[in-house]
Amino acid sequence: VKVLVTDPMDAAALARLRSAGHELVEHRGVQGAELAAALAGCQALLVRGATKVTAEVLRLAPDLRVVVRAGTGLDNVDLDAARARDVAVHNTPAANAISVAELVFGLLIALERHLVPASADLKRGHWEKTRYQGRDLAGRTLGLLGFGRIGREVAVRARAFAMTVRAADPLLPAWPPEFGWVQRGDIETLLPEVDVLSLHLPLTPATRGLIGARELARMRPDAVVVNCARGGVVDEEALLRALRSGALRGAALDVFAVEPPGPHPLLELPNVIATPHLGASTADAQARAGLEAADILIDTLARITA
Ligand code: MLT
């Protein structure tokens, strides 16, 4: 079967698909009509997050039967349009969880210990030991908004840092029994009680702008927000106002409503640390996501072409 690959993909994953007998057509970075044209004759599409599988693309690609997203978020695929056209869509939700959870702590510690400016100062020859006094994580309360795979990996690491962990997840049908030590709440009770709010929700119409001016105003002024989920879950204007006014002490952001964000005012604030959507950017995560995606594709194609 012809499989179109439009985003960078782990080499071992591509090799696995080839050895299963599939023909790979590689067109990096195509979007819109160009993507639809590249899909001619292809029954499968393998992407990461950059390729936008819109309703229009789906309409113009009649041969397409399955889309596999190597990674977690499916906000780059129009799921309703895919369902209407009977195109199967799969992701690899387990592959990135550890990598994102590790980045949450990398960013949080970097924010709380001023690692980025302290390192930059030292490299310029300034030994600023007292200026960069930070804060411990131990004894502080972490609030997780979203308690799926990533939220749970964050909780496990927070426990090792001796933090109190609270979580709210409006989408979770049943609380995982092994996480009885995590205090369950709802978003309204969580906000005023946490020192750190970390977001782990997908971007959907229900979660877009979920953390806005009202929610930020309910948080403690010395709290910080960590967002390694999707930029659109937070109202960036409201976040900017809260950070500028001192209503919120800091933010660690790996994601933005528009990526790349360009010269964004949030990036100019000293109480913001930011990275270019690096959550899944580890060799380990890419290898896991690529191989998992290849296996899903191989299975799905075996079923739909049988
Ligand atoms: C994901 O959804 O898999 C992560 O945010 C990583 C990414 O999109 O690159």
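Provided above is the structure to which this section pertains.
Cut-offs applied
- Residues numbered from 1 in each chain as written.
- Predicted model: local features only at pLDDT ≥ 70, side-chain atom pairs only at ≥ 80, totals over all residues.
- Heavy atoms only, no water.
- Core = buried A, V, L, I, M, F, W, Y, C linked by side-chain atoms within 4.5 Å.
- Buried < 20%, exposed > 50% of the residue type's maximum accessible area, 1.4 Å probe, protein only.
- Helix = DSSP H or I, 4+ residues; strand = E, 2+ residues; numbered from the N terminus.
- Contact = heavy atoms within 4.5 Å.
- Axes fitted to C-alpha atoms, helices over the stretch in contact; angles between N-to-C directions.
- Parallel < 35°, antiparallel > 145°, perpendicular 65-115°, else oblique.
- Left-handed = near helix turned anticlockwise from the far one by under 90°.
- Nonpolar A, V, L, I, M, F, W, Y, C, P; charged D, E, K, R; others polar.
- Pairing = 2+ DSSP bridges.
- Right-handed = clockwise from strand over helix to strand, strands pointing away.
- 1 Å grid on protein atoms, 1.4 Å probe; cavity = no way out; pocket = protein on both sides within 12 Å on 5 of 7 lines; lining within 4 Å.
- Points joined across faces, edges and corners; volume = space filled by probe spheres on them.
- Near = heavy atom within 4 Å.
- Polar contact = N/O pair within 3.5 Å; in protein donor to acceptor, adjacent residues only side chain to side chain.
- Areas by Shrake-Rupley, 256 points an atom, 1.4 Å probe, with all protein chains shown as cover.
- Expected span 1.5 Å × (residues − 1).
- Arc of directions from axis to C-beta.

Core analysis: the biggest nonpolar cluster contains 31 residues, and Phe 105, Leu 144, Phe 147, Val 154 and Val 182 have the highest contact counts within it. Secondary structure elements with two or more residues in this core: α5 (97–112), β6 (141–145), α7 (149–160), β7 (164–168) and β10 (224–227). It is α5 that provides the largest number of residues to this core, a total of 10 residues. Each residue touching Phe 147, except ones within four places of it in the same chain, is listed here: Arg 152, Ala 155, Ala 167, Ala 168, Asp 169, Leu 172, Trp 175, Pro 176, Phe 179 and Val 182. If you look at the next biggest cluster of nonpolar residues, it comprises 29 residues, including Leu 201, Ala 229, Leu 239 and Ala 242.

The next thing to look at is the packing of α5 against α7. The interhelical angle for the contact between α5 and α7, taken along N-to-C directions, is 50 degrees, at an axis separation of 8 Å. Classified by the angle their axes make, α5 and α7 are oblique. Between α5 and α7 lies a crossing whose hand is right-handed. On α7, the residues touching Ala 97, Ile 98, Val 100, Ala 101, Glu 102, Val 104 and Phe 105 of α5 are Arg 149, Ile 150, Glu 153, Val 154, Arg 157 and Ala 158. Here the contact of α5 with α7 is built from residues that sort into nine nonpolar, no polar and four charged.

Pairing geometry for strand β1 (residues 2–5) and strand β2 (residues 23–26), over four bridges, is parallel. Directly across from Val 3, in β2, lies its bridge partner Leu 24. Running through helix α1 (residues 11–19), the crossover from β1 to the neighbouring parallel element β2 is right-handed.

With that out of the way, let us pick up the environment of Ser 198. Locating Ser 198 in the fold gives a position in strand β9 (residues 196–199). Of the residues examined, Ser 198 reaches a relative accessible area of 0% and is grouped as buried. As a C-alpha pair, Ser 198 and Leu 144 span 54 residues in sequence and 5.1 Å in three-dimensional space. Beyond its immediate sequence surroundings of up to four residues, Ser 198 is in contact with Val 104, Leu 142, Gly 143, Leu 144, Leu 145 and Val 226.

All told, the structure shown has one cavity of 30 Å³ or more when counted by the stated rule. Volume-wise, the largest cavity comes out at about 40 Å³. Surrounding the largest cavity, Asn 227, Gly 231, Val 234, Glu 236, Leu 239, Leu 253, Val 255 and Leu 266 form its lining. Of the residues in the lining of the largest cavity, the class split is five nonpolar, two polar and one charged.

Now for the site of the ligand. Taken together, Arg 69, Gly 71, Thr 72, Gly 73, Asn 96, Arg 230, His 277 and Ala 280 make up all the residues around the ligand. At 2.7 Å, a backbone N or O of Gly 73 approaches an oxygen atom of the ligand. Within the side chain of Asn 96, an N or O atom sits 2.7 Å from an oxygen atom of the ligand. Calculation on the ligand without its partners gives an accessible area of 260 Å², and the protein chains cover 88% of this total. For the shell around the ligand, a count of residues per class yields one nonpolar, five polar and two charged.

What follows deals with the layout of surface pockets. Here the second largest pocket defines a volume of roughly 200 Å³. For the lining of the second largest pocket, the elements supplying multiple residues, two or more each, are α5, α6 (115–123) and β12 (272–274). The dominant element in the lining of the second largest pocket, judged by the number of residues it contributes, is α5, at three residues. Residue composition of the lining of the second largest pocket, grouped by class: nine nonpolar, three polar and two charged.

The strand order across the open sheet formed by five strands is β2-β1-β3-β4-β5, and the pairing between neighbours is parallel. Where the open sheet ends on each side, the last strands, each with one partner, are β2 and β5 (88–91). Taking the axes of each pair of neighbouring strands and ignoring which way they run, one obtains an average angle of 20 degrees across the sheet. Of the pairings in the sheet, the one linking strand β3 (residues 44–47) to strand β4 (residues 66–69) comprises four bridges and is parallel in character. Each bridged residue has a counterpart across the sheet, and for Leu 45 the counterpart in β4 is Val 67. Lying on the sheet, α1 is in contact with β1, β2 and β3; it crosses β2 at an angle near 140 degrees. Set on the sheet, helix α11 (residues 283–304) makes contact with β1, β3, β4 and β5; between it and β4 the angle comes to about 165 degrees.

Attention now goes to α7. Spanning 12 residues, α7 covers 17 Å between terminal C-alpha atoms, matching the ideal 16 Å at 1.5 Å per step. Taken as a whole, α7 has its buried residues at Ile 150, Gly 151, Val 154, Ala 155 and Ala 158. Projected down its long axis, α7 carries its buried residues within an arc of 140 degrees, all on one side. Lining the buried residues of α7 we find α5, β6 and β7. Following α7 by one or two positions, Ala 162 has its phi on the positive side, about 60 degrees.

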